[in-house]
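A look at the structure
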Amino acid sequence: MSSIAWTPFWLSFKLAFVTTAVLFVLALPLAWWLAQTRTRLKPFLEALVSLPIVLPPSVLGFYLLWAFAPDSPLGAFLKERLGLELVFSFPGLVVASVIYSFPFMLQPLQSGFESLNRHMLEAAYVAGKTGWQTLLFVALPNIKPALLSALIVTFAHTVGEFGVVLMVGGSIPGETKVASVAIYEYVEIMDYKNAHIYSAIMVGISFAVLTAVYLFNRHHRRRLGGA
Amino acid sequence: MSSIAWTPFWLSFKLAFVTTAVLFVLALPLAWWLAQTRTRLKPFLEALVSLPIVLPPSVLGFYLLWAFAPDSPLGAFLKERLGLELVFSFPGLVVASVIYSFPFMLQPLQSGFESLNRHMLEAAYVAGKTGWQTLLFVALPNIKPALLSALIVTFAHTVGEFGVVLMVGGSIPGETKVASVAIYEYVEIMDYKNAHIYSAIMVGISFAVLTAVYLFNRHHRRRLGGA
Amino acid sequence: AANVSYAVKDLIQTYRQKDPKSDIRVIVGSSGKLAAQIRHGAPYDLFLSADMGYPLALYHDKLGLEKPKTYAKGVLALLSVRHKKLSNNLHTLLSFAIKKIAVANPKTAPYGKAAREALQNAKIYERVKPKLIYGESVSQTLVYTLRVADAGLVAKSALFSPKLRRFREGKEWVEVDSRLYSPIEQGAVLLKPEGKDFYDFLFSPAAQHIFKAYGYRQP
Amino acid sequence: MELSVNLTLSAGSFTALTGPSGSGKSTLLRILAGLESADGEIKVSQKRWLANNKSLPPQQRDVGLLFQDYALFEHMSVRQNLLFVQKDPALADALLESTGLSELANRRPAYLSGGQKQRVALCRALMRRPKLLLLDEPLSALDPAMRLTLQHEILKLHREFGTTTLMVSHDPAEIYRMAQRVIRLENGKITADGTPGDVLLKRSGSQKFSFEGEVLEIQKRDAVYVAVVAIGQQIVEVVTDTRTAKNLQIGQQVTVATKAFAPVIVTE
Amino acid sequence: MELSVNLTLSAGSFTALTGPSGSGKSTLLRILAGLESADGEIKVSQKRWLANNKSLPPQQRDVGLLFQDYALFEHMSVRQNLLFVQKDPALADALLESTGLSELANRRPAYLSGGQKQRVALCRALMRRPKLLLLDEPLSALDPAMRLTLQHEILKLHREFGTTTLMVSHDPAEIYRMAQRVIRLENGKITADGTPGDVLLKRSGSQKFSFEGEVLEIQKRDAVYVAVVAIGQQIVEVVTDTRTAKNLQIGQQVTVATKAFAPVIVTE
Ligand SMILES: Nc1ncnc2c1ncn2[C@@H]1O[C@H](COP(=O)(O)OP(=O)(O)OP(=O)(O)O)[C@@H](O)[C@H]1O
Ligand SMILES: Nc1ncnc2c1ncn2[C@@H]1O[C@H](COP(=O)(O)OP(=O)(O)OP(=O)(O)O)[C@@H](O)[C@H]1O
Ligand SMILES: [Mg+2]
Ligand SMILES: [Mg+2]
């Protein structure tokens, strides 16, 4: 057995962390808006934002690859205007993961916002707070269970995902070869011993991270004397 | 182009439907219990139930195959005692999907239950209702946004998943070859035209199903004069 | 192609002795996925496929620098870890004791196509068809063969991987009669000039010796 | 704060619970309903509801509880809220009728006014014809007329169901009217326990007819001064002489009395 | 039901809003705060808050609103609830002090009693020193003593801040004590509008000192009968002759009056 390469794990958790952070920033305003809007288009929009997960990950990855490729209009635009190359690069993984995991972040936040006590939000408006202030300082802290669930599912799912990531990222060591891809490859070449070791490490770290988050949350809730 | 085979779609939606139903029944009591328990083990349990999604699907599938194989203790037990064979069969797909999608059903339900008004539940207890009655007739109808999100994410995710399904099911036409596997194969053999067609159908049907659910929900909410 | 990944390890070691400064990275994956990536600008120098189809398609799309060449010929093997009375005769597969037979997916994997052809030419395809279960790749087919199927038609090269070396020819596995299927020509196509050295090395006697040791036939 | 209460309620009695905000009234009710854990013992007609840390679950206690914050079932209509407690449409309709909610029977709680919600909560607490009825400020959000009507209604049902009732209220007249017994809770301890007469009635020496009141206003009318005094929820005018008027201040607590003759009751 | 109101409040005035449950009081307050859409016009010191379906958002209206159901920020401590509205620790502490909440400043709303929550909501509504203060039954969950204290407190701050106040209340004495003007809303329409004296005071003909009351109890003591009568929140005993006593029934509405002589005020 060769010694364990830690880079894939580092990459996995970096990817999961960045994806979760980016998704949070993107999904938050949309979830807030969807929870409050009265537009007739709402059911269609809601269905639309759930779609990224009905395609098999590698097929979605295939379409993303196609869209991001330097010879596609989008890819060309990104490359020329922003200097961004999204295929076979870490930023590309982030973008792909963000697209794929979007519903996992959006849905819990939206349903959390939808079940908030409306008078509490109104109290913030009456106190002169803008929509943004109300969102950040009143709505968000009051949907903590939903927020936690959104963050954790997104994080865990990004750690585990490999279909999209493998397609768009191409398993480049140190750049896009995340742990899930590494494990997949060990299974593919039937190096089961390493597959077991890497899987165990992956599950172990994830368990530790998740437990830490839940413990912190519990502790924090206690300290504040919350419900 | 050959004419379109509809069986994979039928299988996909059957699988998604059965998985969602089974998961709902399994996750509901656990979510309810987790939302209310005061055990110190809670953070560990919560982390534990999130784990099925941190392993790459095909790797999870690999381990499930291992566990379900007829010569493994579990597989032997299932076969001899219950006459169940879980590899290369539709029931096996269901079991695999259930394990993999568990957190997607559990998390929203749990966070929904956690943010319920406790006095409302107490009112049901005082009215003589058992925990089950309270769960079904008071708690559940009052977390409708979370419930909807749980059902939809689970359903959509099962439609799209193929890593676990491919490993455990083995792509047997009419039995375990679901649409996501079919699309994956078209991409593999570079039959992009069919891949596009099947993807479009998949996305189309899913969009229709999801929109219908959201529209029904909206309509239903209106009719009841709900919030 | 995933099936060459075992041999590739040895190939690189040998190549390194020749050129110690070289830094070769291997990316394993199904041919279809890799081909799609190459089409969209994957930074790969060299593509080793399990058949000629993918390399040729890439070459026709002006992605290859030269016409693809066959670096090795794959061999189909019949493996059974439970049912140990095998003969070169595929008719063993008709035995009642064999309930499930793992093969690679004929649509996506060259070894699957070869397996089907062999069964057809042995005139037993229609009879064993209900027993067939399809793996999506070499390794998945092997996993099926090892765990849940009673027999499997797999890539011989995989049986030389560390994990499977313990299985012996004639005992757990036999070669399938090569006349029953058309040759599995595994093609390589050069994508970038940087891969030229290693590409040439593939066809050197040293490399061919390694391929042979992994059960491949000379092109 | 520690809640420490030793209390026996006789079966079928109507007891009022009063006391300052935060003194533990709601908590006491919640303990009786089995919603809050406590040390000690609760015994109801020979049956132990609480003893040695063993607590009978709320489901088996046969209580009706009106929560101070109503806690209505949000997804059910008003009528469904009642029927969920007990499938007794006749009783539900009768209760809705007598609380003036018949027209709102199909509305959901989110679309009700505060007082309407409170009335629904009252009806719901009564649906089970409970052995023990616990009402936490059941009428506080209602106008005086509705309040009076419902006081009668509650008393009627209390008798009809033969229930033992414990009601939190801040209104002395309401307590006098309804309860046979008042308990005042302060800082978790009982500081007064007796008939409403004993606990609430102010007997000011020999004066037969006198009230505590507060001066709201002093007006000069022609030659005399008129003091407007608030006595409970009533406002009265009292003619007063200049010297007294000069000494009065707005907001001052005063006693209004008739000295020489007894007051009379005039029925309409 | 249609809410149709035409109303001018003068700057700095204190107006009470009363009327039966469900008559539209809370809705009117919510419209004024900009939380409910409405047709028509609202003009506040030359500024249009509502006109031609254009509505100034609540944020820009400078109002303080005490919600009937409190609507506290659940994740913040009592003190944070106040400071979130306005970073003014001095005012927050003063308000908490005068409402008796200082000790609870670091608790979260879920751990407060009903009356404590109501007081927090009151403090929060005052934090912005608003131009328009809207109080929806601000004292309904409080005991009489606390109620009285806070009535004074509210009045004091009303003057100090120079705010225009509109308060929903069901308590006539409270209204008289606090408001210069009362508006009675019934079924969405104004049915009475005037000074508390005009709207609430009962002047019964020539009788100088008379109350509406309800007979609670008739006791025989020695040779006389004593009627216990509830007058508002006060309970009094009236000695009565046998003939009158025989005709009285429990629950009967009666007028209690002194015929011959005027009542006098006795200050302690
Ligand atoms: N969930 C809780 N956890 C901890 N303390 C609480 C909780 N609820 C109430 N308290 C505190 O316990 C004390 C008693 O509260 P309780 O609700 O019984 O008062 P109350 O007499 O009903 O008052 P009110 O008339 O204001 O409703 C109060 O000081 C309150 O702050
Ligand atoms: N969100 C709502 N949607 C529709 N109707 C409502 C809504 N809220 C209240 N109503 C109805 O509007 C009418 C006026 O309600 P409002 O809350 O203004 O009454 P209120 O005068 O404040 O009564 P209360 O004294 O009981 O609080 C009531 O009949 C009520 O049922
Ligand atoms: Mg209380
Ligand atoms: Mg109201």
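Residues numbered from 1 in each chain as written. Chains lettered and ligands numbered in written order. Predicted model: local features only at pLDDT ≥ 70, side-chain atom pairs only at ≥ 80, totals over all residues. Heavy atoms only, no water.

1. Some remarks on the overall build of chain D
- Looking only at helices and strands, chain D has eight helices and 14 strands in total.
- Taken across its 268 residues, chain D has 58% of its residues classed as buried.
- Pairs at least 24 residues apart make up 61% of the contacts formed inside chain D by residues separated by at least 6 positions.
- Per element, the accessible surface of chain D, about 11,700 Å² overall, is 47% carbon and sulfur. (Helix = DSSP H or I, 4+ residues; strand = E, 2+ residues; numbered from the N terminus. Buried < 20%, exposed > 50% of the residue type's maximum accessible area, 1.4 Å probe, protein only. Contact = heavy atoms within 4.5 Å. Areas by Shrake-Rupley, 256 points an atom, 1.4 Å probe, with all protein chains shown as cover.)

2. Describing the side chain of T99 of chain E
Residues and elements named next belong to chain E.
- Note that T99 resides in the loop between α3 (89–98) and α4 (114–126).
- Separated by 3.3 Å, the side chain of T99 and the backbone oxygen of L96 make a polar contact.
- Beyond its immediate stretch of four places on either side in the chain, T99 contacts R119, C123, M146 and L150. (Polar contact = N/O pair within 3.5 Å; in protein donor to acceptor, adjacent residues only side chain to side chain.)

3. Some remarks on the coordination of the magnesium ion (ligand 3)
Residues and elements named next belong to chain D.
- Within the protein, S26 (OG) and Q68 (OE1) serve as the donor atoms for the magnesium ion (ligand 3), at 1.9 to 2.2 Å. Of this pair, S26 sits in helix α1 (residues 25–33) while Q68 sits in the loop between β5 (63–66) and α2 (78–85); the two residues are 42 residues apart in sequence, bridging distant segments of the chain.
- The exposure class assigned to Q68 is partly exposed, which follows from its relative accessible area of 22%. (Donors = N, O, S within 2.8 Å, 3.2 Å for Na, K, Ca; no water.)

4. Some points on the interface of chain B and chain C
- Each side of the interface is counted separately: chain B has 23 residues, and chain C has 22 residues.
- The contact between chain B and chain C buries some 2,000 Å² in all, and 61% of this surface belongs to carbon and sulfur atoms.
- On the chain B side of the interface with chain C, the three residues burying the most area are F88, E188 and M190 of chain B, jointly 29% of the side's total.
- Inspection of the region where chain B meets chain C yields two salt bridges. (Buried area = accessible area lost by both parts, 1.4 Å probe. Salt bridge = Lys/Arg side-chain N within 4 Å of Asp/Glu carboxyl O.)

5. Description of the packing of aromatic side chains
- Applying the stated criterion across every chain, the model contains 35 aromatic pairs over all chains.
- Centre to centre, the rings of F13 of chain A and F155 of chain A are 6.0 Å apart; their planes meet at 35°, and the pair counts as tilted. On the criterion of sequence distance, the pair formed by F13 of chain A in helix α1 (residues 7–36) and F155 of chain A in helix α8 (residues 144–160) is long-range, its members being 142 residues apart.
- Taking relative accessible area as the criterion, F155 of chain A reaches 14% and is therefore assigned buried.
- An angle of 65° between the planes, with centres 5.3 Å apart, marks the rings of F62 of chain A and Y63 of chain A as edge-to-face. Each member of the pair, F62 of chain A as well as Y63 of chain A, carries the same accessibility label: buried.
- The rings of W6, F9, Y186 and Y198 of chain A are connected pair by pair, giving a single aromatic cluster.
- Over the ring of F73 of chain D we find R124 of chain D; its NZ or CZ atom is 4.6 Å from the centre of that ring. (Phe/Tyr/Trp six-rings, centres within 6.5 Å; stacked < 30°, edge-to-face > 60°. Lys NZ or Arg CZ within 6 Å of the ring centre and 35° of its normal.)

6. Section: the pairing of strand β5 (residues 63–66) of chain E
Residue and element names in this part refer to chain E.
- Side chains of β5 alternate between two faces, with V63 and L65 and G64 and L66 buried alike.
- Bridge count between β5 and strand β6 (residues 132–136): four bridges; the pairing is parallel. The residue bridging L65 from the neighbouring strand is L134, located in β6. (Pairing = 2+ DSSP bridges.)

7. Some details on the site of ligand 1
- The environment of ligand 1 is made up of 19 residues, and the closest members are S26 and T27 of chain D together with R107, G115 and Q116 of chain E.
- With respect to ligand 1, its neighbouring residues span chains D and E.
- In the model, an oxygen atom of ligand 1 is placed 2.7 Å from a nitrogen or oxygen of the G22 of chain D main chain.
- Contact between ligand 1 and S26 of chain D: an oxygen atom at 2.6 Å from a side-chain N or O atom of the residue.
- In the complex, 79% of the free accessible area of ligand 1, which totals 630 Å², lies under the protein chains.
- Listing elements by their share of the shell around ligand 1, those giving two or more residues are α1 of chain D together with α4 of chain E.
- Across the shell around ligand 1, the residue classes tally to four nonpolar, twelve polar and three charged. (Near = heavy atom within 4 Å. Nonpolar A, V, L, I, M, F, W, Y, C, P; charged D, E, K, R; others polar.)

8. Side note on the site of ligand 2
- Taken together, 19 residues form the shell around ligand 2, and within it R107, S113 and G115 of chain D together with S26 and T27 of chain E come nearest.
- The environment around ligand 2 is built from residues contributed by chains D and E.
- Separating an oxygen atom of ligand 2 from a side-chain N or O atom of S21 of chain E is a distance of 2.8 Å.
- The side chain of E137 of chain E places a nitrogen or oxygen atom 3.5 Å from an oxygen atom of ligand 2.

9. Description of the environment of L153 of chain C
Residues and elements named next belong to chain C.
- Mapped onto the secondary structure, L153 falls in strand β6 (residues 151–155).
- As for L153 and A102, which are separated by 51 residues in sequence, their C-alpha atoms are 6.3 Å apart.
- Apart from residues no more than four positions distant in its own chain, L153 is found in contact with L76, A77, L78, L90, A102, V103, A104, A115, L119, T141 and V176.

10. Topic: empty space enclosed by the protein
- In the structure shown here, the tally under the stated rule is 13 cavities of 30 Å³ or more.
- In terms of lining, the largest cavity is formed by 20 residues, of which the most central are Y184 of chain A, S58, L166 and Y184 of chain B together with Q140 of chain C.
- For the lining of the largest cavity, the elements supplying multiple residues, two or more each, are α9 (163–169) and α10 (179–188) of chain A, α3 (57–68) and α9 (163–169) of chain B together with α6 (138–147) of chain C.
- Classifying every residue of the lining of the largest cavity gives nine nonpolar, eight polar and three charged. (1 Å grid on protein atoms, 1.4 Å probe; cavity = no way out; pocket = protein on both sides within 12 Å on 5 of 7 lines; lining within 4 Å. Points joined across faces, edges and corners; volume = space filled by probe spheres on them.)

11. What about the arrangement of the chains?
- Interchain contacts are distributed over six pairs of chains, and the most extensive set of them lies between chains D and E.
- These two, chain A and chain D, are apart from each other, with no contact and a minimum C-alpha gap of 10 Å.
- Between chain C and chain E there is no contact, and the shortest C-alpha to C-alpha distance separating them is 49 Å.

12. So, the nonpolar core
- One finds L11, L79, L90, L93, L119 and V176 of chain C to be the most contacted residues of the largest nonpolar core, which totals 166 residues.
- Here V176 of chain C is in contact with L76, A77, L78, L90, A118, L153 and Y181 of chain C, once residues within four sequence places are set aside.
- Counting residues in each nonpolar core, the second largest holds 65 residues, with L34 and A139 of chain B together with M76 and L132 of chain D among its members. (Core = buried A, V, L, I, M, F, W, Y, C linked by side-chain atoms within 4.5 Å.)

13. Focus: the packing of α4 of chain E against helix α5 (residues 144–161) of chain E
Residue and element names in this part refer to chain E.
- Orientation of α4 relative to α5, taken along the N-to-C sense of each, is 5°, at an axis distance of 12 Å. Taken together, α4 and α5 sit at an angle that is classed as roughly parallel. Residues R119, L122 and L126 of α4 touch α5, and the partners they reach there are M146, L150, I154, L157 and F161.
- Grouping the constituent residues of the contact of α4 with α5 by class yields seven nonpolar, no polar and one charged. (Axes fitted to C-alpha atoms, helices over the stretch in contact; angles between N-to-C directions. Parallel < 35°, antiparallel > 145°, perpendicular 65-115°, else oblique.)

14. Focus: the environment of L82 of chain E
All names here are of chain E.
- Along the chain, the position of L82 falls in helix α2 (residues 78–85).
- With 140 residues separating them along the chain, L82 and D222 place their C-alpha atoms 59 Å apart.
- In this structure L82 touches A92, L96, V120, C123, R124 and M127, once residues within four positions along its chain are discounted.

15. Concerning the sheet that holds strand β1 (residues 14–18) of chain E
Residues and elements named next belong to chain E.
- Strand order in the open sheet formed by six strands is β5-β6-β7-β1-β8-β9, with mixed pairing between adjacent strands. The two strands at the open ends of the sheet, each matched to only one other strand, are β5 and β9 (189–194). Between one strand axis and the next, the sheet turns through 15° on average, direction left out of account.
- Across four bridges, β1 lies against strand β8 (residues 181–186) in parallel orientation. Bridging across to β8, T18 finds its partner in R184.
- Sitting on the sheet, helix α1 (residues 25–33) touches β1, β5, β6, β7 (164–168) and β8, and the angle it makes with β6 is about 155°.
- In this fold α5 packs onto β1, β6 and β7, with an angle of close to 135° to the strand it touches most, β1.

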